[in-house]
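# Fold and contact review
Given next are the chains, with one letter for each unit.
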Amino acid sequence: MLVIRTENLSKKFKNVTALDNLNLAVEKGDVFGLLGPNGAGKTTTLKILMGYLNPTSGSSYILGEKVSPNNTSYKKRIGYLPDVPAFYPWMKAEEYLAYCSELAGLNSKDSESHIQKLLELSELEDVKTKIGGFSRGMKQRLGLAQALINNPEIIFLDEPTSALDPIGRREVLQMIKSFSGSITVFLSTHILTDVERVCDRVGILNEGQLIAQKSIEELKKEYFESALELNLSGQKIEQFVQTLAGLEWVEDITSQAGMVRLVASDLGLAQNKLPALIAEYNLQLESFTTAETTLEDIFVKLVSK
Amino acid sequence: MGFKALFKKDLKEVLKTYRIYVIPAVFIFFGLVSPIIAYYLPDILASMAGEVRVELPTPSWRDAFDQYFSNITQMGVLAIILSLMGVIADERSKGIVNMVFYRPVSRLAYVFSKFFSYGLLLSVSIFVSYLACYYNATVLFPEVPLAATFQATFLFWIYALFIAALTIAASAIFTNNVAAGGVGLGGFILVNLLPLTHEFFDSYFPGALQNSMGEILRGTTTMSDVIPAILVTVLLALFLLILGGYIFSRQEI
């Protein structure tokens, strides 16, 4: 069952096309990562889905309801964390969550225990200072807690880990991972390792266009490359790389500080031929590894096309 | 939609931010000092004149309240505009509203909640300020009438709420609080200039209320004469709030 869908969604800001015919489809229970470099249109997509921006053309649907600023029927069932969460500085964390709970139309008595759980989850239960004195990480955790106040069916997270330290990031990612299957997560990020750790499916956005929308496994299968990494020392590394670049079975080759990475059309052939070539150029082989295709390799390949 | 939660939060905000000090302080200050200034003004002027002999009529309670209304229709109104110009514009520019409007909350309710919470602060401030002015006037002057002074203050209260509605509506439309303040100030100047241009505006527009305060004190007009201007002011304030909420709800944030 599709819970988020966009149809030919486009957005122009004066002469700049931020989104160009975006067709997204997210299944219930997925952890979906919208991946793209800065300025690709991720935040614009989320703001349109939240009803904060009007699309120039096309439409979007959440839980089967058409998104518009005045359609509130699905809004009780979603949560959202913007890229830079902003709060009332004079409030305390518990007070803010109680306010969000009331805005969501929840009964204040019923939500008390839920607020305590969320404060524990975001490790803010003992914090008595006002939000104005919070660090960026604390604000991010409180932002995530407010997005969960109404036990949403879908949460939209815009760059949820960008402001966090490594420990905070790991905790947030673990939290997101734990939602898998129960809450649909739509998260935008440019941090590829985050996506690899938690997402089931990804959409890769570049210059407003969706250039891929698949599961990570499907992407890896489709863009699988036989890559080899050689750590070499010697005088003639540059000549060695130039020779390899001219060979038919070498699809791509890069070299930096003795580390040569090559993508071969036939891995077996490469493994047979390379030792003789290394010897011919009088190079010393320090290490030799077959590299696995990472999401980063796929992302860079797709985005730089 | 969401008005109750928003209003409860806005009331807390009124109590916990600087606005709880600014608006009451300005109004109560002028309530306290206006009768004193009116009472001692002839002595002050005489001492400044030196050798020149200055003959001034003995001040009365009317001078105290003239002084009071003159102060609060200028400095009081300025305090309202400066304090309220950022109530929505600031929350928009800081991104606070992004955490609110993805929930089932209407932007019109947001605008009205701001108006009612700050309107309440303003009402209490004006009432306490009036009590302060009335008390000091009764100490310094004989026979201060309760009805006329209260009626004139009532007219100022309606006028002040109109200015608050105008500034809050501007704050909902503009993301920059200086622009919102500019519109509030421009609107304030306009409603005061319009009565000078045509008799219709002099009888029915918010600026008419300001003129009527003095006339009520002098007994040259009655409250029933001012009812059309009161109704127009209230309806105009309501219209401005709805317009502000409507434009805000159609804007991208």
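In this text the structure is predicted, and so the values were computed from the model without any measurement. (Residues numbered from 1 in each chain as written. Chains lettered and ligands numbered in written order. Predicted model: local features only at pLDDT ≥ 70, side-chain atom pairs only at ≥ 80, totals over all residues. Heavy atoms only, no water.)

## A word on the side chain of A:His114
Residue and element names in this part refer to chain A. Residue position: His-114 is located in helix H3 (residues 108-121). By relative accessible area, His-114 is classed as buried at 17%. Excluding anything up to four places from it in sequence, His-114 contacts Leu-148, Ile-149 and Asn-151. (Helix = DSSP H or I, 4+ residues; strand = E, 2+ residues; numbered from the N terminus. Buried < 20%, exposed > 50% of the residue type's maximum accessible area, 1.4 Å probe, protein only. Contact = heavy atoms within 4.5 Å.)

## Description of the sheet that holds strand E8 (residues 154-158) of chain A
Residues and elements named next belong to chain A. Strands sit in the order E7-E8-E9-E4-E10-E11 across an open sheet of six strands; the sheet is mixed. For this open sheet the edge positions go to strand E7 (78-81) and strand E11 (209-215), each flanked by a neighbour on one side alone. Averaged over all adjacent pairs, the angle separating strand axes in this sheet is 15°, with direction ignored. Note: strand E4 (residues 31-35) against strand E9 (residues 184-189), five bridges, orientation parallel. Along E9, the bridge assignment pairs Val-31 with Val-185. In the packing of helix H4 (residues 136-147) onto the sheet, the strands contacted are E7 and E8, and the crossing angle to E7 comes to about 165°. In this fold helix H5 (residues 166-179) packs onto E4, E8 and E9, with an angle of close to 145° to the strand it touches most, E9. (Pairing = 2+ DSSP bridges. Axes fitted to C-alpha atoms, helices over the stretch in contact; angles between N-to-C directions.)

## Description of the environment of A:Lys236
All names here are of chain A. Take Lys-236: it is sitting in the loop between strand E12 (226-233) and helix H8 (237-245). In this structure, the C-alpha to C-alpha distance between Lys-236 and Thr-129, residues 107 residues apart in sequence, is 63 Å. In contact with Lys-236, not counting residues within four places along its chain, are Tyr-281 and Leu-283.

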